[in-house]
Amino acid sequence: MSGSSGKRNRGEARVLRLDDQVCPHCGRELQAEWDEFPPALQKKYGKPGEWYYHPCTPECEKKNEQREWELMRRDARITALKERSGLSKRMKGYALDNFDHQLSKSAEKAFAKAMDYIMSWKENREDGRGLYFCGDVGTGKTHLAVAVMNELMTRKRVPSLFVTVPELLDNMRGAYNDPGRDIDEWMDSVKNADLLLLDDLGAERANEWVRERIFVIVNHRYREELPTIFTSNIGPRDLAAQLGERTASRIIAMCDWISLEGEDYREAEVRRGL
Ligand SMILES: Nc1ncnc2c1ncn2[C@@H]1O[C@H](COP(=O)(O)OP(=O)(O)OP(=O)(O)O)[C@@H](O)[C@H]1O
Ligand SMILES: [Mg+2]
Ligand SMILES: [Zn+2]
């Protein structure tokens with residue numbers, strides 16, 4: 001609430017207290033003075049004047065400058081995190097507040113679980129707990145999973161990496177067939193990201209080679225207790241058949257399950273547009 005009470009008397013500097021202007025360092029209310037512009041400047045700035053806030057103590061001023069600088073640095077760090085996250089332009093826009101959680105009962109439950117996961121991030125990180133979103137095509141798995149990742153990057157500054165499994169395997173195949181190609185560094189960041197989102201697990205037919213590659217990553221993250229978020233069309237019962245017992249049992253041990261059911265949102269959107 002703005003408490004700019006009292007009339008402005010031209011040219012008269014008055015001291016008054018404003019409820020919403022407090023020193024971010026000590027919390028004291030700041031004193032303000034109305035600074036009336038001369039007529040020429042009034043026109044230039046499009047306003048009759050402005051409030052001038054007296055700084056708190058010199059010590060507070062120093063702290064506040066530092067705070068502002070730190071906030072700027074924090075913003076820059078978040079931007080840098082997002083740039084390195086592997087998220088596409090579309091996915092950078094996936095957020096909790098543009099996920100329609102009232103779409104269905106399952107969307108509602110999934111959303112609540114996703115929120116819980118974020119709220120308990122500290123414990124989840126310590127225990128290496130992740131999430132496994134499963135469900136049919138177009139039910140919002142990637143959207144909600146990425147929204148969790150975006151939230152953790154923005155609010156908790158968690159260095160996160162988004163990778164689709166088919167792409168990951170393609171890259172590995174490329175390196176396998178062409179030993180000159182160096183993907184070690186990238187693989188290292190996949191294995192060791194503070195938070196890894198593996199999108200579309202099991203989207204391709206899993207032969208022995210594929211299973212082994214996925215096992216190496218899952219096993220590393222399991223052993224190091226690093227949280228991983230998966231999205232997949234494969235339900236818990238088919239996971240072992242698709243990826244092998246060893247991988248499945250580790251994923252089951254590491255993750256809370258979130259299932260999303262219902263119709264394909266993409267299709268429904270097209271229909272609504274018609
Ligand atoms: N509950 C929702 N609220 C808002 N948008 C949604 C919701 N569910 C899905 N969408 C949108 O529908 C599209 C498909 O969602 P998404 O990509 O998350 O599906 P998916 O379950 O990952 O599908 P696939 O199995 O094909 O990967 C996206 O554009 C997404 O933003
Ligand atoms: Mg998806
Ligand atoms: Zn102060």
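Calculation criteria
- Residues numbered from 1 in each chain as written.
- Chains lettered and ligands numbered in written order.
- Predicted model: local features only at pLDDT ≥ 70, side-chain atom pairs only at ≥ 80, totals over all residues.
- Heavy atoms only, no water.
- Helix = DSSP H or I, 4+ residues; strand = E, 2+ residues; numbered from the N terminus.
- Rg over C-alpha atoms; globule rule 2.2 N^0.38 Å.
- Buried < 20%, exposed > 50% of the residue type's maximum accessible area, 1.4 Å probe, protein only.
- Contact = heavy atoms within 4.5 Å.
- Lys, Arg positive; Asp, Glu negative; His and termini not counted.
- Charge placed at Lys NZ, Arg CZ, Asp CG, Glu CD.
- Domains from an automatic or database assignment.
- Buried area = accessible area lost by both parts, 1.4 Å probe.
- Polar contact = N/O pair within 3.5 Å; in protein donor to acceptor, adjacent residues only side chain to side chain.
- Phe/Tyr/Trp six-rings, centres within 6.5 Å; stacked < 30°, edge-to-face > 60°.

S.K.: Looking at this structure, how should I read the overall build of the protein?
M.R.: Across its full length, the protein holds 12 helices and eight strands. Taking 2.2 N^0.38 as the reference for a compact globule, 274 residues should give roughly 19 Å; the C-alpha atoms of the protein span a radius of gyration of 26 Å, well beyond that estimate. Counting only C-alpha atoms and orienting by the principal axes, one finds that the protein spans roughly 85 × 50 × 35 Å. For the protein, buried positions account for 38% of its 274 residues. Taking the contacts inside the protein whose residues are at least 6 apart along the sequence as the reference set, 70% of them involve residues at least 24 apart. When the 44 basic and 47 acidic side-chain charges of the protein are each reduced to a single mean position, those positions are 2 Å apart.

S.K.: Would you explain the domain arrangement of the protein in this entry?
M.R.: Note: interface size is frequently given as the accessible area lost on complex formation between the parts. The domain architecture assigned to the protein consists of domain 1 (3-81) and domain 2 (85-273). Taken over C-alpha atoms, the centre of domain 1 sits 45 Å from the centre of domain 2. Across the contact, four residues belong to domain 1 and six residues belong to domain 2. In total, domain 1 and domain 2 occlude about 470 Å² of area from one another, counting both sides; carbon and sulfur atoms represent 63% of this. Considering only the side of domain 1, the residues that lose the most area to domain 2 are Arg74, Ile78 and Leu81, jointly responsible for 90% of the buried surface there. Where domain 1 touches domain 2, the interface holds one residue pair in polar contact (both at pLDDT 80 or more).

S.K.: Explanation requested: the packing of aromatic side chains in the structure shown.
M.R.: What the rule picks out here adds up to six aromatic pairs. Their ring planes at 65° and their centres at 5.1 Å tell us that Trp34 and Trp51 sit as a pair that is edge-to-face. Of this pair, Trp34 sits in strand E2 (residues 29-36) while Trp51 is found in strand E3 (residues 49-53), placing the two residues 17 residues apart along the sequence. Plain terms: the ring middles of Tyr132 and Phe230 are 5.9 Å apart, the flat faces sit at 35° to each other, and that makes the pair tilted. Linking Tyr132 in strand E4 (residues 130-135) with Phe230 in strand E7 (residues 228-232), this pair joins segments that are 98 residues apart in sequence. Neither residue differs from the other here; Tyr132 and Phe230 are each classed as buried.

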